[in-house]
Amino acid sequence: MIDVRGFYQALPRLETGRLVLRPFTLADAPDVFAYASDPAVTDFLFWGPHEALQETEEYLKAVVRQYQTGEDGPWGIALRETGKIIGCIHLMDMDATHRKAEVGFVLARAYHNQGMMTEALREVLKYALGELGLNRVEGFCVVDNLASAAVMRKAGMTREGRLREYLFQKGAFRDFYVYSKLARNG
Ligand SMILES: CC(C)(COP(=O)(O)OP(=O)(O)OC[C@H]1O[C@@H](n2cnc3c(N)ncnc32)[C@H](O)[C@@H]1OP(=O)(O)O)[C@@H](O)C(=O)NCCC(=O)NCCS
């Protein structure tokens, strides 16, 4: 049985060519605020933009509490060279019985379209469907979010369908694509 609490309590450090995925700390607030306050970045998300640094600090305090209780917790994505946090990737709603979870991600605008999130997602999928022992990782994006769909496709996820008016996002019911990757696909 996957130890979901243990996973979030000791989120593993993952490394790729350019990136380090590690738990957030409160000291990351200015870097997180830089992307969380950008309306162009949060447009397709359910939260944001953050209006003030304090909002980001509150968010990070909640994240650190979640690590401690083991109920949830995202990875911060840092540049390997400088340690600067440039985004976030998250295995959410982990279900030990069905061995599945949902992935979500966000990246600062200055780093878009350089293959960064594809690199991070590939590593998370490899870990989640390998060492961690999940059978399925799924991801959802608004159908207009072409960058997100491209990342999931490039990372080897399969588009399973279009969910009509699936969620209420930023004032309207929106259609979402659902993607997934299974352990038996490698
Ligand atoms: C989605 C997001 C994480 C992608 O990160 P990224 O590091 O730029 O992604 P990559 O560079 O690995 O890949 C992006 C792909 O999308 C494509 N793309 C970007 N904008 C596009 C657009 N408007 N139309 C079509 N394709 C687009 C790029 O060309 C690239 O594909 P390619 O390598 O085949 O050329 C980033 O855009 C982001 O943070 N967006 C805001 C938050 C968000 O939407 N998160 C996902 C919620 S489901």
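Scroll up for the structure.
None of these values were measured; they are calculated from a predicted model.

Notes on the packing of helix α5 (residues 116–129) against helix α6 (residues 146–154)
Thought 1: Closest axis-to-axis distance for the α5/α6 pair is 9 Å, and the angle between their directions is 45°. If you check the angle between α5 and α6, you find them oblique. For the crossing formed where α5 meets α6, the hand is right-handed. Counting all contacts with α5, which are made through Met117, Thr118, Leu121 and Arg122, the residues of α6 involved are Val151, Met152 and Lys154.
Thought 2: For the contact of α5 with α6, a count of residues per class yields 4 nonpolar, 1 polar and 2 charged.

Structural notes on the site of the ligand
Thought 1: In the vicinity of the ligand, 21 residues are found, and the nearest of them are Asn113, Gly115, Thr118, Asn145 and Lys154.
Thought 2: At 2.5 Å from an oxygen atom of the ligand is found a side-chain nitrogen or oxygen belonging to threonine 118.
Thought 3: For the ligand, the accessible surface in isolation is 960 Å², of which the surrounding protein chains cover 71%.
Thought 4: Elements that contribute at least two residues to the shell around the ligand include exactly β5 (100–107), α5, β6 (136–142) and α6.
Thought 5: Looking at which element gives the most residues to the shell around the ligand, the answer is α6, with 6 residues.
Thought 6: Among the residues forming the shell around the ligand, the class breakdown is 13 nonpolar, 7 polar and 1 charged.

Some words on helix α4 (residues 53–69)
Thought 1: Taking 1.5 Å as the rise per residue, α4 with 17 residues should run 24 Å; its terminal C-alpha atoms sit 25 Å apart, in good agreement.
Thought 2: Of the residues making up α4, those classed as buried are Thr56, Leu60, Val63 and Tyr67. The buried residues of α4 occupy an angular sector of 55° when projected down its axis, which confines them to one face. Facing away from the buried side of α4, by more than 90 degrees, are the exposed residues Gln54, Arg65 and Gln68.
Thought 3: Looking at the packing, one finds that the buried side of α4 touches α1 (4–9), β2 (19–23) and α2 (29–36).

Some remarks on α6
Thought 1: Among the residues of α6, Ser148, Ala149, Val151 and Met152 are the ones counted as buried. Looking straight down α6, one finds its buried side chains confined to an arc of 160°; they lie on one side. The exposed set on the far side of α6, more than 90 degrees from its buried face, consists of Leu146 and Arg153.
Thought 2: At its buried positions, α6 is contacted by β5, α5, β6, β7 (158–169) and β8 (172–182).
Thought 3: In the segment just after α6, glycine 156 is the residue with positive phi, at about 95°.

Rules behind the numbers
- Every chain is numbered on its own, with residues counted from 1 as its sequence reads.
- Thresholds applied to this predicted model are a pLDDT of at least 70 for local features of residues and 80 or more for the giving and counting of side-chain atom pairs; totals over whole chains, interfaces and linings are not thresholded and use all residues.
- Side-chain calculation: all heavy atoms of the structure are included, whereas hydrogens and water are not.
- Interaxial angles span 0 to 180 degrees and are taken between N-to-C directions of axes, which are lines fitted to C-alpha atoms, for helices over the stretch in contact.
- Helix and strand definitions follow DSSP, with helices as H or I runs of at least four residues and strands as E runs of at least two, each counted in order from the N terminus.
- For classification purposes, an angle smaller than 35 degrees is called roughly parallel, one larger than 145 roughly antiparallel, one from 65 to 115 roughly perpendicular, and anything else oblique.
- For a crossing to be left-handed, the near helix must be turned anticlockwise from the far one by less than a right angle; the clockwise case is right-handed.
- Two residues qualify as a contact provided that any one of their heavy atoms is within 4.5 Å of a heavy atom in the partner residue.
- Note that Gly is not counted as nonpolar here; it falls among the polar residues with everything else outside the nonpolar set of Ala, Val, Leu, Ile, Met, Phe, Trp, Tyr, Cys and Pro and the charged set of Asp, Glu, Lys and Arg.
- One heavy atom within 4 Å of a molecule or strand is enough for the residue carrying it to be called near that molecule or strand.
- Between N or O atoms, a polar contact is any pair within 3.5 Å; within protein, one atom must be a potential hydrogen donor and the other a potential acceptor, and residues adjacent in sequence are included only when both atoms are from side chains.
- Residue burial considers only the protein chains on display, and all accessible areas are found by Shrake-Rupley using a 1.4 Å probe.
- Multiplying 1.5 Å by the helix residue count minus one yields the expected span of that helix.
- Think of it in three bands: with a 1.4 Å probe and only protein chains considered, a residue is buried below 20% of the maximum accessible area for its type, exposed above 50%, and partly exposed in between.
- Throughout, the arc means the angular range of directions from the helix axis out to the C-beta atoms.

In short, geometric facts, not functional conclusions.
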